[in-house]
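# Descriptive analysis of the structure
Chain residues, written in single-letter form:
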Amino acid sequence: MNSTFVKTKREILPLVPLRDMVVFPYMMAPFIVGRESSVRALEQTLSMPQKRIFLVSQKDPKVDEPLRGDIHDVGVVASVIQNLKLPNGNVKVMAEGTHRGRVLDVIETEGALNVEVEIYEVSYPLNEELQEYVDKVRAIFEQYAKMSHHLAFEGLMSTVKTDDADRFADSLAGHLMVSTADKQSLLDLVNPYERLQRLHDMLDVEVEKINIDKRVNVKVKKQMEKAQKEYYLNEKIKAIHQELGRGDDKGDEITELKEKIGKAKLPKEARKKAEQEIKRLESMPPISAEATVSRNYLDWLVNVPWKKKSRERKKLSKAEEILDKDHYGLVKIKERIVEFLAVRQLVGQTKSSIICFVGPPGVGKSSLAKSIARATNRKFVRLSLGGVRDEAEIRGHRRTYIGAFPGQIIQMMKKAGTVNPVFLLDEIDKMSTDFRGDPASALLEVLDPEHNDTFVDHYMDVDYDLSQVMFIATANVIHTVPPALRDRMEVIELTGYTPNEKLSIAQQFLIPKQIEAHGLDPALVTFTDDAVRMLAESYTREAGVRNLEREAGSVCRKIARKVVNAGEPFEIEVTPEIVTEFLGKIKYRSRRKNEKSEVGVATGMAWTQAGGELLETEVGQMPGKGKLTLTGKLGDVMQESARAALSYLRSRAPLFGIEDDFNEKIDLHIHVPEGAIPKDGPSAGITMATALVSTLAGIPVRKDLSMTGEITLRGKVLPVGGIKDKILAAYRAGITEVILPEENEKDLSDIPEEIRDDLDLHLVSSMDDVLRLALDGELIPLSPVDGSFDNSASKPPASSDPVAH
């Protein structure tokens, strides 16, 4: 360095280290300051009259708190022109470089870095030799600016028209599109002549790069005929690789795919298919669309599990322990799973097991499938079928379609990573059908143990073995599932929980889970049994326990708020009074039995997706000409049951003490309350018949008794469904006696023993038996007739009734 033309002075300035950025003298530079030390340094700068700051580039931009050894020796003294504080605390700064400076020492002051800087003031005379070199560099820079797409030529050339060699060199350096290291090397050179030499060399390289790029473009355009933009870009990359003397990585990719095929343990057919696809791929240009399709197909073929399987749990006691830990009750399902594991141990390989859990929402169908996966030590995958209406969702698309993929069955098998997962087909009753096919029909092959070992996905186009998968389907109702699909599944019904079961589930599973989820101490927060019963009966109306868990969570949130407000945990026992305080007035009032026996009002029982319900049937009579009115939004089947009951009554009217021409003198109106709710089904037949007889004979129906059953024109009582849920509803309402069809005796084993002990369950086969039990009085015939109604007693002895306890 010639000291004649360079003057130096020392000064202490605030320091801001820059990442991936070099600022030159005479250059306007915007940047954002975010580090705490840098923000403080900027604040010190702004408090000074001249607002001068020292900017220097970091050696490694990843260092968050740079020290002396992490920054370059040469930086630039800059004046802060503008600053703007951003909402996130950072500061946006616009600064202008003024002079070079060399760091002598770094000092930390009040949390900010300050540097002692030796500042250079260069005044290099523009002699003839230097002027010639300036013109030479300007010419090559002009060529570079014209060829570059990143620089605005017109505006840029006006900024470099100066006779000051030092300023000219720095202005050019600031606009050059080179790396940070190259820019720092230019900043390190104080002598303008040396800087211009380095600039000339760099510009030569950059111009040559642009010329090479142009040659590549020409070469690509000659090769290109009808290719699209993607083809053009790929060819450009290929030409660049050729220019650089590099080969492409197609060979490596083929080798890698061959290795994957060898490791995948493919069956004979799939391996043959893979090898054919490899040969096709080798003969294709790597940039062609067909090559992409082949690569994707091979990726799927080698990534789907063919042999890998989970090691099943052999210890039956451990499996039973896991099932009992996860779910309360459900004895039949647990026995079925343990039996499956026992058979697997004896036989080794069994047919694919397909189970369908049917029951109302919230009874634990989906969570039970997860528990089965844990108990059997298998992987678990879930496929939701709700709203699926495209057959390709199951079988996949053929590879001829753009963007084709395998179906969800193969995708889920890839996700599981083993050939024997527990595969949950959720909401199988909610699939739809449209012009794209019927997904339920596509599932027939998947769920057929005789055929699913050769399942063919349209995309894979090879046999895939699903015989080791344990399929578990769930549904709320089974009647919407096509018969052929239903026939392939072992249907297990999960009915609603009894009050005692809900209490046990809540205390053992739901409440501890919610207490933990809300950050409460299980030792300090307890729920009384009465509080849980109140949550189940007064704040929810469901067969399952999903809403019960939700309401328990609401109580825990209230407790969590009180704990935070108190500032420390405290002990609390949740009682019915606290439940009312936290959750407000009760949402549901349980339907109770009538206060007194009334004429024309009979209590029936109905089944809904949310469990059982009591259903009162009211009959009114008025003068008229035999018109029958049905209200309460009754379905077709229920209306037909009402007409069948009336026809039965007319055929036996004199035996019931009713004039046989009553239908010519009066109109009858049958109404089922809660008229906004649709109702249908045949099970209210005997209820409507009893209410009709009660109205016309003037005899009340017993208030403590409910009934269900279908009626025929001859007065026979036929069996109905949903017996367990109906009896639970009667039990909750305080009913003490229930009339059931005799053929439903087989369903009584599903009813918990404690409920059977508390109820008198009467099994009947005819309306005569129903009327003897239901009417609170005697039926007196108008005249003795053979085969008349036996009115020897309004209620026969218990020994003569088929009664189940």
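Here the structure is a predicted model, which means the values were calculated and not measured.

A few words now on the overall build of the chain. In terms of regular secondary structure, the chain is built from 26 helices and 25 strands. Within the chain, buried positions represent 48% of all 805 residues. Accessible surface, the chain as shown: approximately 40,400 Å² in total, 49% of it carbon and sulfur.

This part is about the environment of E501. Here E501 is to be found in helix α18 (residues 499-517). For E501 and Y328, which are 173 residues apart along the polypeptide, the C-alpha to C-alpha distance reads 7.7 Å. Ignoring anything within four residues of it in the chain, the contact list for E501 reads Y328 and G496.

Next up on the list: the packing of aromatic side chains. All chains considered together, the criterion is met by five aromatic pairs. Ring centres 6.0 Å apart and planes at 85° place the aromatic pair W300 and F405 in the edge-to-face group. Here W300 is found in helix α10 (residues 289-303), whereas its partner F405 is found in the loop between α14 (392-395) and α15 (408-416), with 105 residues between them in sequence. Residue W300 is classed as buried on the basis of its relative accessible area of 12%.

Glancing now at the pairing of strand β19 (residues 666-671). When strand β18 (residues 628-631) meets β19, the two strands line up parallel, connected through four bridges. Pairing of T631 across the sheet is with H671, part of β19. At this point the chain moves from β18, through helix α22 (residues 636-651), to the parallel β19, and the crossover so formed is left-handed.

Strand order in the open sheet formed by five strands is β8-β9-β12-β7-β13, with parallel pairing between adjacent strands. The open sheet has two edge strands with one neighbour each: β8 (380-384) and β13 (490-493). Each adjacent strand pair in this sheet contributes to an overall mean axis angle of 20°, direction not counted. Where strand β9 (residues 422-426) and strand β12 (residues 470-475) come together, four bridges link them in parallel fashion. Counterpart to L425 in the pairing with β12 is A473. Lying on the sheet, helix α13 (residues 365-376) is in contact with β7 (354-358), β8, β9 and β12; it crosses β9 at an angle near 175°.

This part is about the side chain of S683. When you line up the elements, S683 lands in the loop between β19 and α23 (685-697). A distance of 3.4 Å separates the side chain of S683 from the side chain of K726, its partner in a polar contact. Contact partners of S683, with chain neighbours within four places excluded, come to M605, T708, G709, E710, V720 and K726.

Looking now at a positive patch on the surface. Taken together, the side chains of R557, K558, R561 and K562 make up a positively charged region of the molecular surface. With respect to the secondary-structure elements, R557 resides in helix α20 (residues 546-566).

Positionally, S538 belongs in helix α19 (residues 529-538). Dropping the residues within four chain positions of it, S538 is found in contact with R533, I586, K587 and Y588.

With that settled, consider a nonpolar patch on the surface. There is a patch of nonpolar side chains on the surface, built from V343, L346 and V347 and spanning about 320 Å² of accessible area. Tracing the backbone shows V343 in helix α12 (residues 331-347). For V343, a relative accessible area of 39% translates into the label partly exposed.

A cluster of acidic residues, E269, D453, D463 and D465, forms a negative patch at the surface. Of note, D465 is situated in the loop between β11 (463-464) and β12.

Before going further, it helps to examine the pattern of salt bridges. Side chains carrying opposite charge are able to pair once their charged atoms draw close together. This structure, assessed with the given rule, holds 35 salt bridges. Between D448 and R488 there is a salt bridge, with its nearest N and O atoms 3.4 Å apart. Here D448, found in the loop between α16 (439-446) and β10 (455-456), pairs with R488, found in the loop between α17 (483-487) and β13; they are 40 residues apart in sequence, far enough to count as distant. Linked by salt bridges that have partners in common, R100, D166, D170 and R195 make up one network.

As a further point, take the nonpolar core. Core analysis: the biggest nonpolar cluster contains 55 residues, and F423 and I428 have the highest contact counts within it. Once residues lying within four places of it in the same chain are set aside, the contact partners of F423 are V381, L383, Q408, I409, M412, M413, V469, M470, F471 and I472.

Burial of α16 is extensive: six of the eight residues sit out of reach of the surface. Among the residues making up α16, those that are buried are P439, A440, A442, L443, E445 and V446. Here the buried face of α16 lies against α14, α15, β9, β10, β12 and α17. Capping of α16 at its N-terminal end is provided by D438; its side-chain oxygen lies 3.1 Å from the backbone amide nitrogen of A440.

For the rest of this paragraph, the subject is the environment of K9. Here K9 shows up in strand β1 (residues 6-18). Classification of K9 as partly exposed rests on a relative accessible area of 39%. Separated by 110 residues in the primary sequence, K9 and I119 place their C-alpha atoms 5.3 Å from one another. Once you skip the residues sitting within four places of it in the chain, K9 turns out to touch V117, E118, I119 and E121.

Attention now goes to the confidence of the model for the chain. Averaged over all residues, the pLDDT of the chain is 83; the fraction at 70 or higher stands at 90%. Confidence drops under pLDDT 50 across residues 785-805; counting only partners more than four residues distant or on other chains, this segment forms 43 contacts.

Take the pairing of strand β5 (residues 91-109) next. Pairing of strand β2 (residues 28-33) with β5 involves six bridges; the strand directions are antiparallel. In the sheet register, P30 faces β5, and the bridge partner there is M94. Relative to β5, strand β4 (residues 74-85) is paired through 11 bridges, and the arrangement is antiparallel. Paired with G75 across the strands is G101, a residue of β5. The hairpin formed by β4 and β5 contains five residues between the paired strands, and G89 there has a positive phi angle of roughly 95°. In this sheet, strand β6 (residues 112-122) lies alongside β5 in antiparallel orientation, the contact comprising nine bridges. Across the sheet, I107 pairs through a bridge with N114, a residue of β6. Connecting β5 to the next strand, β6, in antiparallel fashion are two residues, including E110 with a positive phi near 55°.

Its location among the elements puts H72 in the loop between β3 (52-57) and β4. Accessibility expressed as a relative area gives 22% for H72, which makes it partly exposed. Other than its neighbours up to four places away in sequence, H72 contacts V56, S57, Q58, K59, V103 and Q184.

What follows deals with unusual backbone geometry. The residue K51 is not glycine, and still its phi comes out positive at about 50°. Within the element layout of this structure, K51 appears in the loop between α1 (36-46) and β3. K51 gets classed as partly exposed once you look at its relative accessible area, which sits at 33%. With a phi close to 60°, D461 is a non-glycine residue in the positive phi region. With respect to the element layout, D461 can be found in the loop between β10 and β11. By relative accessible area, which is 37% here, D461 ends up partly exposed.

Basis of the calculations
Residues numbered from 1 in each chain as written. Predicted model: local features only at pLDDT ≥ 70, side-chain atom pairs only at ≥ 80, totals over all residues. Heavy atoms only, no water. Helix = DSSP H or I, 4+ residues; strand = E, 2+ residues; numbered from the N terminus. Buried < 20%, exposed > 50% of the residue type's maximum accessible area, 1.4 Å probe, protein only. Areas by Shrake-Rupley, 256 points an atom, 1.4 Å probe, with all protein chains shown as cover. Contact = heavy atoms within 4.5 Å. Phe/Tyr/Trp six-rings, centres within 6.5 Å; stacked < 30°, edge-to-face > 60°. Pairing = 2+ DSSP bridges. Right-handed = clockwise from strand over helix to strand, strands pointing away. Axes fitted to C-alpha atoms, helices over the stretch in contact; angles between N-to-C directions. Polar contact = N/O pair within 3.5 Å; in protein donor to acceptor, adjacent residues only side chain to side chain. Patch = residues over 30% accessible without salt bridge, like charges linked within 9 Å, V, L, I, M, F, W, Y side chains within 5 Å. Salt bridge = Lys/Arg side-chain N within 4 Å of Asp/Glu carboxyl O. Lys, Arg positive; Asp, Glu negative; His and termini not counted. Charge placed at Lys NZ, Arg CZ, Asp CG, Glu CD. Core = buried A, V, L, I, M, F, W, Y, C linked by side-chain atoms within 4.5 Å. pLDDT = per-residue confidence, 0-100.

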